[in-house]
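A structural walkthrough
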Amino acid sequence: MERITELAAAIDRHVAGSGVCTTAMPHVSLIRADQPSTPTPAVYEASLCLIAQGSKRVAIGDDSVVYDAAHYLLVSVDLPLVGHVIDASPDCPYLCCKIDLDPSMLSDLMVAEGGAVLQTHLPVLGVYPSDPDLIDAACRLVGLLDRPDTIRVLAPLIEREILYRLLTGPHGPMLRHLVTAGSHLNQISRAIAVIRRRFDAPIRIDEVAAEAGMSPSSLHAHFKAITRMTPLEYQKQLRLQEARRLMLVGGATAGTAGFAVGYESPSQFSREYRRLFGAPPRQDIERLHAAPSAEIAL
């Protein structure tokens, strides 16, 4: 309990106001919210999310999970989720540390550790009881922000420790499949990477399937089983979320943002935007500017 309190204090020191804060460590982000947020669609990268204070709910399709200081969230592949902070206040803010999974580091660790790749039915989105060793390592990792000169040498070592503990934990079989060439999870992860790189261009399923090493029919079946949506629906989420960012952060108009992410029809863009975010583009952005702390995506 003492270490989770230390982690909360370290996060709080390095986040000014509500929102997501990148850090000098590329795989580490810190998140703070001073009030509960509204459900917000977002693509969550493959990551470990450790809450030091408060709680949050995330959903994929009809399934949802809640995590807090006593439970951590593990997302094994980039997933389109709907999340919202459910427990936060100015006096006791939501504080979270997000650590992105590095597939190459996981692969190296799997080879070094030498465990077998066992069949698994574990979900790619899971909540697990808090692990004191993970909390301790995360506390040391975030603590490096107080000593920036140590980050370059020590951060990779602590990240490697965290990934090792995940690989040897209850979700180890899932992570082994993620980095094992030829497994369906590895193939879908590759397909997701292709779609994310080319989200603003017309999608060709046969090309995505070929790059993932699958047939188009197998890609469709396994993609939907893992992400709860088709590749085209996944691309649509990416486009709409990037358009929202362009309008919110870059000041783009709805027409400019829609065109930038690949939409040729303004009416189709507005219609699909409203379906995902609950309001037309202009109204949604005005709402976000009026209450920016209400939307915490991660």
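An account of the accompanying structure is given in this report. All of these numbers come straight from a predicted model, not from anything done at the bench.

Definitions and limits used
- Residues numbered from 1 in each chain as written.
- Predicted model: local features only at pLDDT ≥ 70, side-chain atom pairs only at ≥ 80, totals over all residues.
- Heavy atoms only, no water.
- Helix = DSSP H or I, 4+ residues; strand = E, 2+ residues; numbered from the N terminus.
- Rg over C-alpha atoms; globule rule 2.2 N^0.38 Å.
- Contact = heavy atoms within 4.5 Å.
- Areas by Shrake-Rupley, 256 points an atom, 1.4 Å probe, with all protein chains shown as cover.
- Lys, Arg positive; Asp, Glu negative; His and termini not counted.
- Charge placed at Lys NZ, Arg CZ, Asp CG, Glu CD.
- Salt bridge = Lys/Arg side-chain N within 4 Å of Asp/Glu carboxyl O.
- Disulfide = S-S within 2.5 Å.
- Buried < 20%, exposed > 50% of the residue type's maximum accessible area, 1.4 Å probe, protein only.
- Arc of directions from axis to C-beta.
- Axes fitted to C-alpha atoms, helices over the stretch in contact; angles between N-to-C directions.
- Parallel < 35°, antiparallel > 145°, perpendicular 65-115°, else oblique.
- Nonpolar A, V, L, I, M, F, W, Y, C, P; charged D, E, K, R; others polar.

Quick look at the overall build of the protein chain
Secondary structure assignment for the protein chain yields twelve helices and ten strands. On C-alpha atoms alone, the protein chain measures out to a radius of gyration of 19 Å, which is about the 19 Å that the 2.2 N^0.38 rule sets for 298 residues. When the backbone C-alpha atoms are referred to their principal axes, the protein chain occupies close to 55 × 50 × 35 Å. Look at the contacts in the protein chain between residues 6 or more apart in sequence, and 72% of them connect residues 24 or more apart. In the structure as shown, the protein chain presents an accessible area of about 13,700 Å², 55% of it carried by carbon and sulfur atoms. Put simply, the protein chain has 28 plus and 33 minus side-chain charges, and the middle of one group is 5 Å from the middle of the other.

Regarding the pattern of salt bridges
Taken as a whole and judged by the stated rule, the model has 22 salt bridges. Via salt bridges that share partners, Arg 3, Glu 6, Asp 133, Asp 136, Arg 140, Glu 161 and Arg 165 belong to a single interconnected network.

Let's talk about the state of the cysteines
Enumeration over the complete set of coordinates arrives at zero disulfides. In this structure Cys 139 is not part of a disulfide, and its nearest cysteine sulfur, from Cys 97, lies 9.8 Å away. Residue classification places Cys 139 among the buried positions, given a relative accessible area of 8%.

Re helix α2 (residues 103-113)
Restricting attention to buried positions, one finds in α2 the residues Met 105, Leu 106, Leu 109 and Met 110. Here the buried residues of α2 occupy an arc of 140° about the axis, which is enough to place them on one side. Exposed side chains of α2 directed beyond 90 degrees from the buried face belong to Val 111 and Ala 112. Taken together, the buried residues of α2 touch α4 (151-167) and α5 (172-178). Gly 114 occupies a position one or two residues after α2 and carries a positive phi of about 80°.

Some thoughts on the packing of helix α9 (residues 231-248) against helix α11 (residues 266-277)
Running from N to C, α9 and α11 cross one another at 95°; their axes reach a closest spacing of 10 Å. As far as their axial angle goes, α11 and α9 are roughly perpendicular. Touching Lys 236, Gln 237, Leu 240, Gln 241, Ala 243, Arg 244 and Met 247 of α9 are Phe 269, Glu 272, Tyr 273, Leu 276 and Phe 277, all from α11. Of the residues in the contact of α9 with α11, the class split is seven nonpolar, two polar and three charged.

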